[in-house]
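# Results of the structural survey
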Amino acid sequence: MAKWLVKTEPEVFSIADLKRERATSWGGVRNYQARNFLRAMKVGEEVLIYHSNTEPPAVVGVAAVKRAAYPDPEQFDRHSEYFDGKSTQENPRWFSPDLMFVKEFPTPVELARLKAERKLKAMPLLQRGSRLSVMPVTADEFKYILRLAGA
DNA sequence: GCCAACGTTGGC
DNA sequence: GCCAACGTTGGC
């Protein structure tokens, strides 16, 4: 089973929102590399939730894949900011899985902390200039981050 | 198909 | 608010 990490801006959608809603469609991703990772997610796989563009940026908890990726309906909605005129029902471009809340860390693992860990230095999240919003995490990295969270 | 211009991301 | 990094767009 693969492990994953997804970024979200807490001002837009936070882990507290996910906790309250129990599950959500992880939509609006409009980057091909990230899209490919979303499509590779399988039901039951675990996903680290990362808060970006906030102070401090941090891994804040865990979700799980509830439903494998399906075409993101917003790409067909002319009034959505995620509308894509080049997508068709027959040939959708963008996909979103459903993610469900698993747990929120009592203590978030801050970006500065992740950066200080040699074992995590290969994570795309920590690469200079990486803007990838969905990425795979190795089993070791996943375990290690849970340990840093005291979870 | 190249590549400059532009927009976005996201840490700081 | 700044700006580096990167992806996308569009003229040619």
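This text gives an overview of the structure that appears in the document. (Residues numbered from 1 in each chain as written. Chains lettered and ligands numbered in written order. Predicted model: local features only at pLDDT ≥ 70, side-chain atom pairs only at ≥ 80, totals over all residues. Heavy atoms only, no water.)

## A word on the protein's contact with DNA strand C
Close to DNA strand C lie Tyr32, Arg128, Gly129 and Arg131, which account for all nearby residues. Of all DNA strand C atoms lying within 4 Å of any protein atom, the proportion belonging to sugar or phosphate reaches 71%. Looking at the surface near DNA strand C residue by residue, the class counts come to one nonpolar, one polar and two charged. (Near = heavy atom within 4 Å. Nonpolar A, V, L, I, M, F, W, Y, C, P; charged D, E, K, R; others polar.)

## Comments concerning the protein's contact with DNA strand B
Lining the immediate surroundings of DNA strand B are Lys7, Tyr50, Ser52, Asn53, Pro57, Leu111, Lys115 and Arg131. Near the protein, meaning within 4 Å, the atoms of DNA strand B are sugar or phosphate in a fraction of 77%, with bases accounting for the rest. Note that a phosphate oxygen of DNA strand B is positioned 3.0 Å from one of the backbone N or O atoms of Asn53. At a separation of 3.3 Å, a phosphate oxygen of DNA strand B approaches a polar backbone atom of Arg131. Per-class residue counts for the surface near DNA strand B are three nonpolar, two polar and three charged. (Polar contact = N/O pair within 3.5 Å; in protein donor to acceptor, adjacent residues only side chain to side chain.)

## Some thoughts on the pattern of salt bridges
Inspection of every chain in the model, using the stated rule, returns six salt bridges. For Asp17, the salt bridge is made with Arg20, and the minimal N-O distance between the two is 2.9 Å. Of the two residues, Asp17 and Arg20 are both situated in helix H1 (residues 15–21); the distance of three residues between them amounts to about one turn of the helix. The exposed category is assigned to Arg20, whose relative accessible area is 60%. The residue Arg30 makes a salt bridge to Asp72 at a minimum N-O spacing of 3.2 Å. Of this pair, Arg30 sits in the loop between strand S2 (23–25) and helix H2 (32–40) while Asp72 sits in the loop between strand S4 (58–71) and strand S5 (95–110), and the two are 42 residues apart along the sequence. Its relative accessible area of 27% is what places Arg30 among the partly exposed residues. (Salt bridge = Lys/Arg side-chain N within 4 Å of Asp/Glu carboxyl O. Helix = DSSP H or I, 4+ residues; strand = E, 2+ residues; numbered from the N terminus. Buried < 20%, exposed > 50% of the residue type's maximum accessible area, 1.4 Å probe, protein only.)

## A word on helix H4 (residues 139–148)
An α-helical turn contains 3.6 residues, so a residue and the one three or four places further along point in the same direction. Among the residues of H4, Glu141, Phe142, Tyr144, Ile145, Leu146 and Leu148 are the ones counted as buried. On its buried face, H4 is in contact with strand S1 (3–8), strand S3 (46–51), S4, S5, helix H3 (111–115) and strand S6 (134–137). Positive backbone phi, approximately 70 degrees, marks Gly150, located one or two places after H4. (Contact = heavy atoms within 4.5 Å.)

## Brief notes about the nonpolar core
Counting 41 residues, the largest nonpolar core has Leu5, Leu48, Val59 and Leu114 as its most contacted members. If we skip the residues at most four places from it in the chain, Leu48 touches Trp4, Leu5, Val6, Val59, Gly61, Val62, Phe105, Val137, Phe142 and Ile145. (Core = buried A, V, L, I, M, F, W, Y, C linked by side-chain atoms within 4.5 Å.)

## Remarks on the side chain of Thr24
Here Thr24 is to be found in strand S2. On the basis of relative accessible area, Thr24 is assigned to the buried category, the value being 14%. Filtering out sequence-adjacent residues up to four positions away, Thr24 remains in contact with Phe13, Leu18, Pro97, Asp98 and Leu99.

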